[in-house]
Amino acid sequence: MTMQQQIEDQVKQMLTPIYMRVDNESHMHAGPAADSHFKLVLVSPAFEGLARVKRHQCVYKALAAQMTHIHALALHTYSPKEWQDSQTIPTSPLCASRRN
Amino acid sequence: MSAEQETLAKIDEQVKNNPVVLYMKGTPQMPSCGFSSRTAAALVETGEKFAFVNVLADPGIYEFLPKYQDWPTFPQLYIDGELQGGCDITLELAASGELKSMMTAANAKVAS
């Protein structure tokens, strides 16, 4: 199973999202690891009323096994209501070492 | 005390003794990671004072900081002793203007 599938399966099971998108952004970074950088956009009723820091901690907990293998996980978490009101999903940065 | 306990105690001291502290890869002037770079830039942008720790220069902190608040990645931003989050949250706070007011309040608390 690819890392992307592992992330998707694990999040589906633990956080019951109503919308989820996982992007593999490893190509934006230096180094050999093809499964190193991901972006996760997640809409879940579980986030309702939770501060952002707590939401991210929930996701990290759900992905504890995967986090030891991946280098970066950009997280954009929304409650269903925030998702309705939101305009755009932010883009992730390139590696500092790729800029030169 | 084990190396882990010693390091966690050191981190705890840094977090409690600095109103705003950013744990990052590299320095604000020479960041070594795109996420650390963006986060540091957002803090600089506020014009408020902040401390930073280069986790790449301290292997103990690099290893044990993820355990301090169950946050597995860098950067990590602490304001007034509390973990605020990493790059994504810091940029959201900056966009809404909350970042500057939180930093101003934390810095004022120490000055008074």
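### A few points about the overall build of chain B
- Scanning chain B from N- to C-terminus turns up 5 helices and 4 strands.
- Taken over the C-alpha trace, chain B has a radius of gyration of 13 Å; the compact-globule value for 112 residues is 13 Å, and the two agree within 12%.
- When the backbone C-alpha atoms are referred to their principal axes, chain B occupies close to 40 × 35 × 25 Å.
- With 112 residues in all, chain B has 46% of them scored as buried.
- Of the roughly 5,400 Å² that chain B leaves accessible, carbon and sulfur atoms contribute 53%.
- With 8 positive and 14 negative side-chain charges, chain B shows a separation of 4 Å between the mean positions of the two kinds.

### Digging into the environment of His29 of chain A
- On the secondary structure map, His29 of chain A appears in the loop between β1 (19-24) and β2 (37-43).
- For the pair His29 of chain A and Cys95 of chain A, spaced 66 residues apart in sequence, the C-alpha to C-alpha distance is 5.0 Å.

### Quick word on the environment of Arg55 of chain A
Residues and elements named next belong to chain A.
- Mapping Arg55 onto the fold places it in helix α2 (residues 52-62).
- For Arg55, a relative accessible area of 4% translates into the label buried.
- Along the backbone, Arg55 and Asp9 are 46 residues apart, and their C-alpha atoms lie at a distance of 18 Å.
- If we skip the residues at most four places from it in the chain, Arg55 touches Phe47, Leu50, Thr77, Tyr78, Ser79 and Glu82.

### Digging into the interface of chain A and chain B
- Each partner contributes to the interface: chain A provides 21 residues, whereas chain B provides 21 residues.
- Of all residues in chain A, Arg52, Tyr60 and Pro93 of chain A give up the largest surface area on contact with chain B, accounting jointly for 34% of the area buried on that side.
- Taken together, the links from chain A to chain B amount to 2 salt bridges.
- Between Arg52 of chain A and Glu92 of chain B there is a salt bridge, with its nearest N and O atoms 3.2 Å apart.
- There are 5 residue pairs in polar contact (both at pLDDT 80 or more) connecting chain A and chain B.
- Only α2 and β3 (72-78) of chain A provide two or more residues apiece to the side of chain A that touches chain B.
- Tallied by class, the residues present in the side of chain A that touches chain B amount to 11 nonpolar, 8 polar and 2 charged.

### Description of the layout of surface pockets
- Considering only enclosed or pocket space, the largest pocket measures out at about 640 Å³ in volume.
- Around the largest pocket sit 30 residues that line it, and Tyr60 and Met67 of chain A together with Trp71, Pro72 and Thr73 of chain B are the ones nearest its centre.
- Among the elements of the structure, α2, α3 (64-67) and β3 of chain A together with α3 (59-68) and α4 (87-96) of chain B are those that each provide at least two residues to the lining of the largest pocket.
- Tallying contributions element by element places α2 of chain A first for the lining of the largest pocket, with 5 residues.
- Computed from the structure, the second largest pocket encloses a volume of approximately 230 Å³.
- Lining the second largest pocket are 12 residues, and of these Arg52, Thr77 and Tyr78 of chain A together with Glu92 and Ala95 of chain B lie nearest its centre.
- Residue assignment for the lining of the second largest pocket shows that the elements contributing at least two residues are α2 and β3 of chain A together with α4 of chain B.
- By residue number, the principal contributor to the lining of the second largest pocket is α4 of chain B, which donates 4 residues.

### A closer look at the packing of aromatic side chains
- Tallied over the entire structure, the rule returns 6 aromatic pairs over all chains.
- Considering the side-chain rings of Tyr60 of chain A and Trp71 of chain B, the 4.8 Å spacing of their centres and the 80° angle between planes classify their relative orientation as edge-to-face. Of this pair, Tyr60 of chain A sits in helix α2 while Trp71 of chain B is found in the loop between α3 and β3 (76-79), placing the two residues in two different chains.
- Accessibility expressed as a relative area gives 7% for Tyr60 of chain A, which makes it buried.
- Of the aromatic side chains, those joined through ring pairs into one cluster are Tyr19, Tyr78 and Trp83 of chain A.

What counts, and at which threshold
Residues numbered from 1 in each chain as written. Chains lettered and ligands numbered in written order. Predicted model: local features only at pLDDT ≥ 70, side-chain atom pairs only at ≥ 80, totals over all residues. Heavy atoms only, no water. Helix = DSSP H or I, 4+ residues; strand = E, 2+ residues; numbered from the N terminus. Rg over C-alpha atoms; globule rule 2.2 N^0.38 Å. Buried < 20%, exposed > 50% of the residue type's maximum accessible area, 1.4 Å probe, protein only. Areas by Shrake-Rupley, 256 points an atom, 1.4 Å probe, with all protein chains shown as cover. Lys, Arg positive; Asp, Glu negative; His and termini not counted. Charge placed at Lys NZ, Arg CZ, Asp CG, Glu CD. Contact = heavy atoms within 4.5 Å. Buried area = accessible area lost by both parts, 1.4 Å probe. Salt bridge = Lys/Arg side-chain N within 4 Å of Asp/Glu carboxyl O. Polar contact = N/O pair within 3.5 Å; in protein donor to acceptor, adjacent residues only side chain to side chain. Nonpolar A, V, L, I, M, F, W, Y, C, P; charged D, E, K, R; others polar. 1 Å grid on protein atoms, 1.4 Å probe; cavity = no way out; pocket = protein on both sides within 12 Å on 5 of 7 lines; lining within 4 Å. Points joined across faces, edges and corners; volume = space filled by probe spheres on them. Phe/Tyr/Trp six-rings, centres within 6.5 Å; stacked < 30°, edge-to-face > 60°.

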